[in-house]
Amino acid sequence: MKWPPRRPLACSLVALAGITFISVPQEIEIGREENRQVRKRTAELHDAQVTAYITRIGRRLAKAAPGAKYPYSFQVADYREINAFSLPGGPVWLNRGVLHAAGNESQVAGVLAHEIAHIAQRHAADQLEKTLLAKWSLGMLGAMLGNVGGAGTAQAAGAMVADGVFLKFSRDDEREADRVGLEIMTKAGWDGRGMIELFETLRRQQKRDPNAVDVFFSTHPSPADRIQNLTAAAARLRRSAARQAVRDTKEFRAVKARVVLKLPAPHSMR
Ligand SMILES: [Zn+2]
């Protein structure tokens with residue numbers, strides 16, 4: 001199926017600012033389509049123990065997330081580089097390299113919570129709306145996303161993949177994902193310091209093995225800024241947390257030993 005030809009904007013972007021025209025079900029459908037594309041070009045780690053572990057953490061975090069009840073799903077990519085990303089409406093991908101780099105469970109929870117926050121705050125959908133508005137009139141979008149239904153949303157997803165809409169969020173979106181992610185992981189029972197610790201690991205890794213972290217740094221703000229923003233917030237949240245926050249578990253140590261020692265070596269993204 002082909003996209004409609006380019007057309008001048010029917011009305012100004014300013015007038016449209018704040019309008020949400022991609023519904024939650026459409027967002028979910030777009031994310032599903034996008035996830036199918038990602039699967040085709042990603043080496044997925046098919047290991048029942050690792051996937052079950054990541055899914056268990058992810059689901060517990062998702063329960064503590066604000067916003068719509070998205071069908072969150074968790075996939076592990078078999079890459080050594082430290083990275084993670086999310087797609088609209090639910091799919092979260094974690095690179096195996098995160099498990100190699102993490103020193104305890106709360107650090108893994110921090111990465112997943114950040115990605116869940118991008119979804120819960122619908123950053124990708126907002127960005128998609130802006131991108132689509134810049135290209136097509138609202139009327140045409142309405143026809144595609146509303147009346148045409150499924151076929152239209154799938155087309156929209158196709159265009160997004162082509163445009164690389166998901167490659168980069170704004171600095172504001174990243175800051176918000178850190179802040180909301182920290183709240184999510186604290187509420188779900190993990191120690192928020194895990195998120196900061198993983199940024200510190202990234203910073204050290206950048207000096208030692210830049211190749212392992214350059215994907216992450218090409219799509220995220222520098223850890224130094226983020227550590228500063230998060231430290232005070234983490235301390236505040238920790239004081240108000242009612243129960244003992246989880247830092248590490250024996251499940252984490254078992255999974256870490258498995259990926260490092262037992263499974264075949266991970267692939268490289270380059
Ligand atoms: Zn992010």
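Below you will find a few notes about this structure. A quick note: this is a predicted structure, and the numbers were derived from the prediction, not measured. Residue positions are given per chain, counting from 1 as you read along its sequence in written order. Side-chain atom pairs in this predicted model are given and counted only at pLDDT of 80 or more, local residue features only at pLDDT of at least 70, and totals for whole chains, interfaces and linings cover all residues. Hydrogen atoms and water are omitted, and side-chain values are computed over all heavy atoms in the structure.

Concerning the nonpolar core
So the rule is basically this: Note on terminology: a nonpolar core comprises buried Ala, Val, Leu, Ile, Met, Phe, Trp, Tyr and Cys residues joined through side-chain atoms within 4.5 Å. Relative accessible area decides the class of each residue, using a 1.4 Å probe on protein chains only: under 20% of the type maximum gives buried, over 50% gives exposed, and in between gives partly exposed. When checking whether two residues touch, look at their non-hydrogen atoms; a contact exists if any pair is within 4.5 Å.
In terms of nonpolar packing, the biggest core is built from 54 residues, with Ile54 and Leu61 touching the most fellow members. Aside from chain neighbours lying at most four places away, what touches Leu61 is Ala109, Leu112, Ala113, Ile116, Ile184, Met185, Ala188 and Trp190. In terms of nonpolar packing, the next biggest core, distinct from the first, is built from six residues, Ile22, Ile30, Leu128 and Leu132 among them.

Structural notes on the packing of helix 5 (residues 105-120) against helix 9 (residues 171-187)
We apply this condition: The convention used is that axes are lines fitted to C-alpha atoms, helices contributing only their stretch in contact, and that angles between N-to-C directions extend from 0 to 180 degrees. For helices the rule is a DSSP run of H or I covering at least 4 residues; for strands it is a run of E covering at least 2, with both sets numbered from the N terminus onward. Throughout this description, any angle smaller than 35 degrees is read as roughly parallel, any larger than 145 degrees as roughly antiparallel, any in the 65 to 115 degree range as roughly perpendicular, and the remainder as oblique. Take the far helix as the reference: if the near one is turned anticlockwise from it by less than a right angle, the crossing is left-handed, and if turned clockwise, right-handed. Three classes are used: nonpolar for Ala, Val, Leu, Ile, Met, Phe, Trp, Tyr, Cys and Pro, charged for Asp, Glu, Lys and Arg, and polar for all others, with Gly counted as polar.
Where helix 5 contacts helix 9, the axes come no closer than 7 Å and their chain directions differ by 125°. Of the possible angle classes, the one that applies to helix 5 and helix 9 is oblique. The two elements helix 5 and helix 9 meet at a crossing, and its hand is right-handed. Across the interface between the two elements, Ser106, Ala109, Gly110, Ala113, His114, Ile116, Ala117 and His118 of helix 5 pack against Asp173, Glu174, Ala177, Asp178, Val180, Gly181, Ile184 and Met185 of helix 9. In terms of residue class, the contact of helix 5 with helix 9 is built from eight nonpolar, five polar and three charged.

Here we look at helix 3 (residues 48-63)
Worth spelling out the cut-off: Helix span, expected: 1.5 Å multiplied by one less than the number of residues in the helix.
If you check helix 3, its first and last C-alpha atoms are 22 Å apart, about what 16 residues at 1.5 Å a residue would give, namely 22 Å. Inspection of helix 3 places Val50, Tyr53, Ile54, Thr55, Ile57, Gly58, Leu61 and Ala62 among the buried residues, and these make up the whole buried set. Considering only its buried residues, helix 3 is in contact with strand 1 (73-77), strand 3 (91-95), helix 4 (96-101), helix 5, helix 9 and helix 13 (250-262).

Describing the coordination of the zinc ion
Applied cut-off: We call an atom a donor if it is N, O or S and sits within 2.8 Å of the metal, or 3.2 Å for Na, K and Ca. Water is not counted, so some sites may look partial. Square planar and octahedral assignments, for four and six donors respectively, both demand that opposite donors be over 155 degrees apart and that all other angles lie between 65 and 115; tetrahedral needs four donors with all angles between 85 and 135 degrees, and anything else is irregular.
Taken together, the protein ligands of the zinc ion are His114 (NE2), His118 (NE2), Glu174 (OE) and Glu174 (OE), with distances of 2.1 to 2.7 Å. The site at the zinc ion holds four donor atoms, and with the angles between them running 52 to 139°, its shape is irregular. Binding-site remark: the zinc ion is held by donors from one chain whose sequence spacing is H-x3-H-x55-E. You can see His114 and its partner His118 sitting in helix 5, four residues apart, about one turn around the helix.

Quick notes on the side chain of Glu33
As a reminder, the rule being used: Polar contact is the term for a pair of N or O atoms within 3.5 Å; when the atoms are in protein, one must be able to donate a hydrogen and the other to accept it, and sequence-neighboring residues count only if both atoms are side-chain atoms.
If you trace the backbone, Glu33 turns up in helix 2 (residues 24-40). A distance of 3.1 Å separates a polar atom in the side chain of Glu33 from a polar atom in the side chain of Arg36.

Comments concerning unusual backbone geometry
Phi at Arg122 takes a positive value of approximately 45°, unusual for a residue other than glycine. Mapped onto the fold, Arg122 is located in the loop between helix 5 and helix 6 (123-135). Note on Arg122: relative accessible area 15%, which makes it buried.

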